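Structural overview
As a plain string of letters, each chain reads:
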Amino acid sequence: MQAGDNVKRVVMTGASSGIGLATAQAFLDQGYEVVNLSRRQCPLASPHLSSISVDLADAAATRAAAMSAAARAPATTLVHCAGAIREKPVEDTSGADLAELGHLHLTAALSLLQANLPAMKQAHYGRVVLISSRAALGLAKRTAYSATKAGMLGLARTWALELAVHGITVNAVAPGPIADTEMFEELIPAASAKLAAAAKQVPVGRFGTPQDVARAVMFLADPQASFITGQCLFVCGGTSVGSIVY
């Protein structure tokens, strides 16, 4: 159920920190070879980990890196973790913001899939997991982020329909507020007095951890998860459902 060399291999993005880092560790723990594409090297020390330095918002560079990696070592498991927020009110949001996050969240996912799809079809097996966001449901000051993260759900549902006949599943994971990540700390610094009050707004009473999200990714990437495709799993502490505060 793997690529032609029979190695369990996952190609990831964004494994240098946060959710991507926790997910890379989870794959390594399960005996996978991990290939990471990101601007920075993954800090994990393992002979089964390699990193390719690339700016994923650069569509041409990302496609070249994805094709080069697949030519050397094709994978049948893909996880697209890399992301950026660009918090701005709507009147300050530009077309350039939409284009940059569109390349980062959507075009990069397309390039990764197209580069490795021949190996997946040959193996009649594949697992694709896209890291979207609870913000896909809407969040103030997140025009470019919410729109492109919602677009990832469209990719997952469409690719699931096209690729199911080849034994390939495509799903999304949508994290809510996840602490111990650079993106979260951009919004609420670790020492902020806002932390406790913000945590109380999460129905389960706490922020998530990168490991919470990694566990969801591993579930959907498991070879036995063959009857789950085109879905979005919210790992959000209940924030996608909403709550009434009296």
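Just above, that's the structure.
**Thoughts on the overall build of the chain**
Within the chain, the secondary structure is distributed over seven helices and seven strands. Ordered by position from N to C terminus, the α and β elements of the chain give β-α-β-β-α-β-α-β-α-β-α-α-α-β. The principal-axis extent of the C-alpha atoms belonging to the chain is close to 55 × 35 × 35 Å. When the 246 residues of the chain are sorted by exposure, 48% land in the buried category. A separation threshold of at least 6 residues defines the contact pool for the chain, and within that pool the share at least 24 residues apart is 70%.

**Topic: the packing of aromatic side chains**
Tallying each qualifying case throughout the model produces one aromatic pair. Here the aromatic rings of Phe27 and Tyr32 are separated by 4.9 Å at their centres, their planes lie at 75°, and the arrangement is edge-to-face. Classification of Phe27 by relative accessible area gives buried; the value is 0%.

**Observations concerning the sheet that holds strand β5 (residues 126-131)**
The sheet built from seven strands is open, its strands ordered β3-β2-β1-β4-β5-β6-β7 with parallel pairing. Every other strand in the sheet has two partners, leaving β3 (49-53) and β7 (232-235) as the edge strands with one partner each. Taken over all neighbouring pairs, the strand axes of this sheet differ in orientation by 15° on average, direction set aside. Of the pairings in the sheet, the one linking strand β2 (residues 33-38) to β3 comprises five bridges and is parallel in character. Bridge pairing links Asn36 to Ser51 in β3.

**Some thoughts on helix α2 (residues 59-72)**
The end-to-end C-alpha separation of α2 is 20 Å, in line with the 20 Å expected for 14 residues at 1.5 Å each. Along α2, the residues classified as buried are Thr62, Ala65, Ala66, Ala69 and Ala70. Down the axis of α2, the sector holding all buried residues measures 125°, keeping them to one side. Those residues of α2 that are exposed and angled more than 90 degrees off the buried face are Ala60, Ala71 and Arg72. Packed against the buried residues of α2 are β2, β3 and α3 (95-123). At the N-terminal boundary of α2, the capping side chain belongs to Asp58, with an oxygen 3.3 Å from the backbone nitrogen of Ala60.

**Remarks on the nonpolar core**
Among the nonpolar cores identified, the biggest contains 40 residues, and Leu37, Leu113, Val128, Leu130, Trp159 and Val170 are the most heavily contacted of them. Contributions of two or more residues to this core are made by β2, α2, α3, β5, α4 (143-163) and β6 (168-175). When residues no more than four places from it in sequence are discounted, the contact partners of Leu113 are Leu78, Met120, Val128, Trp159 and Leu163. Judged by nonpolar contacts, the second largest core, of 27 residues, contains Ile178, Val213, Ala216 and Ala221.

**Overview of empty space enclosed by the protein**
If you walk through the whole model with that rule in mind, you get one cavity of 30 Å³ or more. As a volume, the largest cavity reaches approximately 40 Å³. As for the largest cavity, its lining consists of Leu78, Val79, His80, Ala109, Leu112, Leu113, Val128, Val129, Leu130 and Trp159. Contributions of two or more residues to the lining of the largest cavity are made by β4 (77-80), α3 and β5. Residue composition of the lining of the largest cavity, grouped by class: nine nonpolar, one polar and no charged.

Reading guide: rules and limits
- Each chain has its residues counted from 1, following the order in which its sequence is written.
- Reporting of local features is limited, given that this is a predicted model, to residues whose pLDDT is at least 70; pairs of side-chain atoms are given and counted only at 80 or more, and all residues count toward the totals for whole chains, interfaces and linings.
- Water and hydrogen atoms were dropped before computing side-chain values, which therefore reflect all heavy atoms in the structure.
- The secondary structure listing takes helices from DSSP runs of H or I that are at least 4 residues long and strands from runs of E that are at least 2 residues long, numbered from the N terminus.
- Classification of residues uses two cut-offs on accessible area relative to the type maximum, computed with a 1.4 Å probe and protein chains only: under 20% is buried, over 50% is exposed, and between them is partly exposed.
- In this description, contact between two residues means that some pair of their heavy atoms is separated by no more than 4.5 Å.
- When the centres of two rings from Phe, Tyr and Trp lie within 6.5 Å, Trp using its six-membered ring, the rings pair. Their planes under 30 degrees apart give stacked, over 60 give edge-to-face, and anything left gives tilted.
- The pairing criterion for strands is at least two bridges between them, as found by DSSP.
- Simply put, an axis is a line fit to the C-alpha atoms, just over the touching stretch for a helix, and the angle between two N-to-C directions goes from 0 to 180 degrees.
- Working rule for helices: expected span equals 1.5 Å times residues minus one.
- Throughout, the arc means the angular range of directions from the helix axis out to the C-beta atoms.
- Identification of polar contacts relies on pairs of N or O atoms within 3.5 Å, with a donor-acceptor requirement for protein atoms, meaning one able to donate a hydrogen and the other able to accept it, and with residues adjacent in sequence counted only if both atoms are side-chain atoms.
- In these notes, a set of buried Ala, Val, Leu, Ile, Met, Phe, Trp, Tyr and Cys residues joined through side-chain atoms within 4.5 Å is what counts as a nonpolar core.
- Of the grid points, spaced at 1 Å and generated over the protein atoms alone, those admitting a 1.4 Å probe that cannot get out make up cavities, while open sets with protein on both sides within 12 Å along at least five of seven lines make up pockets; any residue with an atom within 4 Å of a point is treated as lining.
- Grid points are joined across faces, edges and corners, and a volume is the space filled by probe spheres set on the points.
- Polarity classes work like this: nonpolar for Ala, Val, Leu, Ile, Met, Phe, Trp, Tyr, Cys and Pro, charged for Asp, Glu, Lys and Arg, and polar for all others, with Gly in that last group.

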